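Descriptive structure summary
The primary structure of each chain is shown beneath.
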Amino acid sequence: MRSRIPCRPAVPVAALAALALAVAGVALTGCGAGNAAPSRLILASTTSTEDSGLFDALIPAFEKANPGVDVVVIAVGTGEALELGRRGDADVVLVHAPAAESAFVAAGHGTERRAVMVNDFVIVGPAADPAGIAGGADAAAALRRIAAAGVPFLSRGDDSGTHRKERALWTAAGIEPEGAWYLEAGQGMGDVLAIAGERRATTLSDRATFLALGVRHGLVVLVEGDPALLNPYAVIPVTGARNAAGARRFADWITSPAGQAVIADFGVERFGQPLFRPAAMPR
């Protein structure tokens, strides 16, 4: 049994946690007296893993391999997912901002950081390409051209892993983005792609969510292949989690050959390519 809560980043973190617990409580009410209640596991993760559809494959496979564990997903930006962990309102986090993850563990909020998978970011926009960046492989150079031309750029603006990567790319480009051309959505990746399509704007997206949702909004990949666009994900069990045993089981399973196989297969049938590459290291 699985409950999924795709949330807007603007929702207060405390409200997200309360909603997760409420939904999980409802999910557990239907268990008969003769059935053992599932062990609820709160997983805080990113909108990119949610919007790409990965959890539709990953969570049922985990629950099948771990009978009695009921996963409740809270899908927010990486910053809010880590905040849920800091507050003790999540048992385990799956996010993609390495520096923030390392700081989270160093501060004692997580027991360990374990690599799970990797894909990459891409700069996408309308096929008309008013900034003239199509076919490029230098993200910083592309951003400089976007800024110089005043082409609309839509930022996540939500302290997510994607937003943090975007800010790092602007820094590498030597630009502080501002002005009427620079827009902030404060939304998840799927919503940002929809808005970018409506406004004919450029934006930064993880490749998985773009392949799952971006094409329908009339967007194309303009810049890809820069090593700076690498996008690694990691799993971190939360220190002192309510369901510490479940958090360890999830971290062990998603980095095991079984969990890595689900990741390797995801997207192949629909897109002809995996949307994520397994990256777990042998323990």
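Keep in mind that this is a model prediction, so the values were computed, not measured.

Considering the environment of Gly 157
The residue Gly 157 is located in the loop between β6 (153-155) and α7 (161-173) in this model. Setting aside residues up to four positions removed in sequence, Gly 157 forms contacts with His 163, Glu 184 and Gly 186.

Focus: the pairing of strand β5 (residues 114-126)
Counting buried residues along β5, 12 of its 13 residues qualify, which places the element largely inside the surrounding structure. Examined bridge by bridge, β5 and strand β10 (residues 230-237) share six bridges and lie antiparallel to one another. Paired with Asp 120 across the two strands is Leu 230, which belongs to β10. Both β5 and strand β11 (residues 277-278) contribute to a ladder of two bridges, which runs antiparallel. When the bridges of β11 are listed, Met 117 appears paired with Pro 278. The pairing of β5 with strand β8 (residues 202-206) spans four bridges and is antiparallel. Within β8, the residue paired with Ile 123 across the bridge is Leu 204.

Here's the deal with unusual backbone geometry
Among all residues save glycine, negative phi is the norm, and among peptide bonds the norm is trans. Look at Asp 129: it is not a glycine, yet its phi comes out positive at around 50°. Position of Asp 129 relative to the elements: it lies in the loop between β5 and α6 (139-149). The phi torsion at Arg 200 lies on the positive side, around 55°, for a residue other than glycine. Residue Arg 200 is classed as partly exposed on the basis of its relative accessible area of 41%.

Considerations on the layout of surface pockets
One number sums up the size of the largest pocket: a volume of about 160 Å³. His 96, Ala 97, Pro 98, Gly 161 and Lys 165 are the residues nearest the centre of the largest pocket, which is lined by 13 residues in total. If you list the elements that add at least two residues to the lining of the largest pocket, you get α5 (98-106), α7 and β10. Per-element tally for the lining of the largest pocket: the top contributor is α7, with four residues. Partitioning the lining of the largest pocket into residue classes produces eight nonpolar, three polar and two charged.

Here is what the cut-offs are and how they apply
Residues numbered from 1 in each chain as written. Predicted model: local features only at pLDDT ≥ 70, side-chain atom pairs only at ≥ 80, totals over all residues. Heavy atoms only, no water. Helix = DSSP H or I, 4+ residues; strand = E, 2+ residues; numbered from the N terminus. Contact = heavy atoms within 4.5 Å. Buried < 20%, exposed > 50% of the residue type's maximum accessible area, 1.4 Å probe, protein only. Pairing = 2+ DSSP bridges. 1 Å grid on protein atoms, 1.4 Å probe; cavity = no way out; pocket = protein on both sides within 12 Å on 5 of 7 lines; lining within 4 Å. Points joined across faces, edges and corners; volume = space filled by probe spheres on them. Nonpolar A, V, L, I, M, F, W, Y, C, P; charged D, E, K, R; others polar.

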